[in-house]
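Close look at the chain arrangement
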Amino acid sequence: SPARAAQPVSCTLPPAVATMPPKKKADQQVEAPAAKKTAAAASAIAANASKITTSAKAIAAGKADMIERTPTPRKPRAESGLVLVHWNVGGLNGLLNGKNADERKALLSALVEAEKPDVLAISEHKLQQKNVAAAEAALLGLLPGYTAHWAVCTAKNGYSGVVCLVRSGVEVSSVSLDAVESINEGRTVSIEFPDCHAVAAYVPNAGQDLKRLDYRIDTWEPAMRSYLQTLQASGKPVVLFGDLNVAHLDADIWNVTAKHVPKSAGCTPRERAAFGALLASGPFVDCFRQLWPDASGAFSYWSTRSGNQLLNRGLRLDYAVASASLAAPGAALSLHDCAYLAEYAPNGDHAPSLVALARTAAA
């Protein structure tokens, strides 16, 4: 067939979808200039995020096609409910102080301004305990109106870690840190609300050469299933959300037929089967698939080394998993929305993920 004409290298991102109902006139009149500034900064960054990478070169040469993403339109925010957002940032110090810190902080501020999460979970913060106070001051200076709860890895410096920011005014019954498996890697923050439990997690990666695969399957996965079952047995539904480091279905892997995929961390048959076992153990539901069972091209991670976000060549590694009761018709607390917010990760790596629950007013 004739060669395709070369196309200019660019990063075309999906338009941001409205997540809130239309503002009343009074709200429009008092919109903060700072919110406009951060939103504009985020848009400018996203529009200029192209990188000269393998994928960019392929696009320029006309030798690659974009993987199409099934439209998954957002719902307006529920009048009453709980919004949980997770983002693996690959090092909080880099976000706050790295060479692209201004751009990354603008994107984070824009995310929080747009979604107003009740809980913002940031995973793989990589901080040591001695650095938490300074990072918290900087983070809350950027995102005022939140209280931070830190799970810190003490087994290894500069590794793992989860922090949950809880919005002021949100009623919290209790908080537990690193309660799954006693390896002291700062893997979970568990928050009990009056009507549910939320567990923010950064699940151990099987690692290079799959060195931690046996630990992941034989120790971590049973411990997580047992922990979630115990929480659910308390009488409240459970939401597990975060970087679960697994691509469950074929549709969650852009190149699922490639020979190396079954030998790659997060894509091995054992890890994928373990996620199915997790769902069956609750029973629990994969919130995104509950709402969009046939969606394709809906990924949460893209290799930055290859610039794969330019072609949407990704994996779905970030999830919200919820008690099946939250998906039942007429539930007092129910699954409302679930989304991957790729517009906040224009350079690839992990995108923020969101799950929203709606509360039904008592009769």
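Further up the page is the structure itself.
A brief look at the structure comes next. Predicted model only: the values in this text are computed from it and were never measured.

1. What to know about the side chain of His336
When you line up the elements, His336 lands in strand E13 (residues 333–340). Since its relative accessible area comes to 17%, His336 is described here as buried. One polar contact links the side chain of His336 to the main-chain carbonyl oxygen of Pro76, over a distance of 2.8 Å. For His336, the residues in contact, after removing those within four places along its chain, are Lys75, Pro76, Arg77, Ala78, Leu291, Ala356, Leu357 and Ala358.

2. Describing the sheet that holds strand E15 (residues 353–359)
In space, the 6 strands of this open sheet follow the order E3-E4-E2-E1-E15-E13, with mixed pairing throughout. What marks the edges here is a single partner per strand, and that holds for strand E3 (146–151) and E13. In this sheet, neighbouring strand axes are inclined to one another by 15° on average, regardless of whether the strands run parallel or antiparallel. The pairing of E13 with E15 spans 7 bridges and is antiparallel. Looking across to E15, one finds that Ser334 is bridged to Ala358. Against the sheet, helix H6 (residues 132–142) touches strand E2 (119–123), E3 and strand E4 (162–167), its axis set at about 150° to E3.

3. Regarding the environment of Arg305
Looking at where Arg305 falls in the secondary structure, it is placed in the loop between strand E10 (301–302) and strand E11 (314–315). Each C-alpha atom, one on Arg305 and one on Gly348, is 9.2 Å from the other, the two residues being 43 residues apart in sequence.

4. Quick word on the sheet that holds strand E14 (residues 349–350)
If you trace the 3 strands from one edge of the open sheet to the other, you get E11-E10-E14, paired in antiparallel fashion. Edge positions in the open sheet fall to E11 and E14, since each of these has one partner strand only.

5. A closer look at unusual backbone geometry
Residue Pro283 is reached from Gly282 by a cis peptide bond, and omega for that bond is -5°. Even without a glycine there, the phi angle at Asp178 is positive, about 50°. Here Asp178 lies in the loop between strand E5 (174–177) and strand E6 (188–193).

6. Here's the deal with the packing of aromatic side chains
Taken as a whole, this structure holds 2 aromatic pairs when the rule is applied. Relative to Tyr340, the ring of Phe288 lies with its centre 5.2 Å away and its plane at 55°, an arrangement referred to as tilted. With Phe288 in helix H9 (residues 287–291) and Tyr340 in strand E13, the pair connects residues that are 52 residues apart, well separated along the chain. For Lys156, the ring lying beneath its charged end belongs to Tyr159, and the centroid distance is 4.5 Å.

Quick notes on the rules
- Residues numbered from 1 in each chain as written.
- Predicted model: local features only at pLDDT ≥ 70, side-chain atom pairs only at ≥ 80, totals over all residues.
- Heavy atoms only, no water.
- Helix = DSSP H or I, 4+ residues; strand = E, 2+ residues; numbered from the N terminus.
- Buried < 20%, exposed > 50% of the residue type's maximum accessible area, 1.4 Å probe, protein only.
- Polar contact = N/O pair within 3.5 Å; in protein donor to acceptor, adjacent residues only side chain to side chain.
- Contact = heavy atoms within 4.5 Å.
- Pairing = 2+ DSSP bridges.
- Axes fitted to C-alpha atoms, helices over the stretch in contact; angles between N-to-C directions.
- Phe/Tyr/Trp six-rings, centres within 6.5 Å; stacked < 30°, edge-to-face > 60°.
- Lys NZ or Arg CZ within 6 Å of the ring centre and 35° of its normal.

Note that every value here comes from positions in space, so none of it alone points to a role or purpose.
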